[in-house]
Amino acid sequence: MKRALTLLSFGAVLAFASTQIFAAGNIENGKQKAATCFACHGADGNAVDPQYPRLAGQYNMYIQQALHEYKSGQRGNAIMKGFVATLSDQDIEDVAAYFSSLPTKLDTVKGHIQGDK
């Protein structure tokens, strides 16, 4: 009985923790905050110009990490650094939630990898 209660308690803690992790980011707010991204990445996150990454359907946490890296200068791109400079952590979570919620049109990476011609 004691073991069952311990396991049940542990499961409740995990469920609460995972809810907090995956609850971050508001898709509708992200769509509004991502308006400046649409010029290069497309409103649907599927950029047509291969020099710009397709963000639709990308992993939420990957988008967040990339945006934080542009903001900190860990990734070197002056244009992206300028765009993310004013974004708060919540803004980044919202933008990532928006783009990760969209269906991707990427069926192959040909023409969408840096240096791929």
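Residues numbered from 1 in each chain as written. Predicted model: local features only at pLDDT ≥ 70, side-chain atom pairs only at ≥ 80, totals over all residues. Heavy atoms only, no water.

Draft legend 1. The arrangement of the pattern of salt bridges in detail. Counted under the stated rule, the structure contains four salt bridges. For lysine 33, the salt bridge goes to aspartate 94, with nearest N and O atoms at 2.5 Å. One end of the pair, lysine 33, is in helix 2 (residues 27–33); the other, aspartate 94, is in helix 6 (residues 89–101), and 61 residues separate them in sequence. When its relative accessible area of 30% is taken as the criterion, lysine 33 is described as partly exposed. On the basis of relative accessibility, which here comes to 1%, the residue aspartate 94 falls in the buried class. Between glutamate 69 and arginine 75 there is a salt bridge whose closest N-O contact spans 2.7 Å. Glutamate 69 sits in the buried class, given a relative accessible area of 13%. Connected via shared salt-bridge partners are Lys33, Asp91 and Asp94. (Salt bridge = Lys/Arg side-chain N within 4 Å of Asp/Glu carboxyl O. Helix = DSSP H or I, 4+ residues; strand = E, 2+ residues; numbered from the N terminus. Buried < 20%, exposed > 50% of the residue type's maximum accessible area, 1.4 Å probe, protein only.)

Draft legend 2. Just the side chain of glutamate 69, in detail. Inspection of the secondary structure assignment puts glutamate 69 in helix 4 (residues 60–72). In this structure glutamate 69 touches Gln74 and Arg75, once residues within four positions along its chain are discounted. (Contact = heavy atoms within 4.5 Å.)

Draft legend 3. Structural view of helix 4. Its 13 residues place the ends of helix 4 19 Å apart at the C-alpha level, agreeing with the 18 Å of an ideal helix rising 1.5 Å per residue. Listing the buried residues of helix 4 in full gives Ile63, Gln64, Ala66, Leu67, Glu69 and Tyr70. Tucked into the core, helix 4 has its buried residues touching helix 5 (78–84) and helix 6. Within two residues after helix 4, glycine 73 carries a phi angle of roughly 90 degrees, on the positive side. (Expected span 1.5 Å × (residues − 1).)

Draft legend 4. View of the side chain of histidine 41. Mapped onto the elements of the fold, histidine 41 is located in helix 3 (residues 38–41). Exposure remark for histidine 41: the relative accessible area of 9% places this residue in the buried category. Look past the residues within four positions of histidine 41 in its chain and what remains in contact with it is Asn46, Ala47, Tyr52, Pro53, Leu55 and Met80.

Draft legend 5. Just the nonpolar core, in detail. Ranked by size, the top nonpolar core spans 16 residues in total, and within it Leu67, Val84 and Phe99 carry the most contacts. Sorting the residues of this core by element identifies helix 4, helix 5 and helix 6 as the ones contributing at least two each. With five residues, the single largest contributor to this core is helix 6. Those residues in contact with leucine 67 that sit more than four places away from it in its chain are Met80, Val84, Ile92 and Val95. (Core = buried A, V, L, I, M, F, W, Y, C linked by side-chain atoms within 4.5 Å.)

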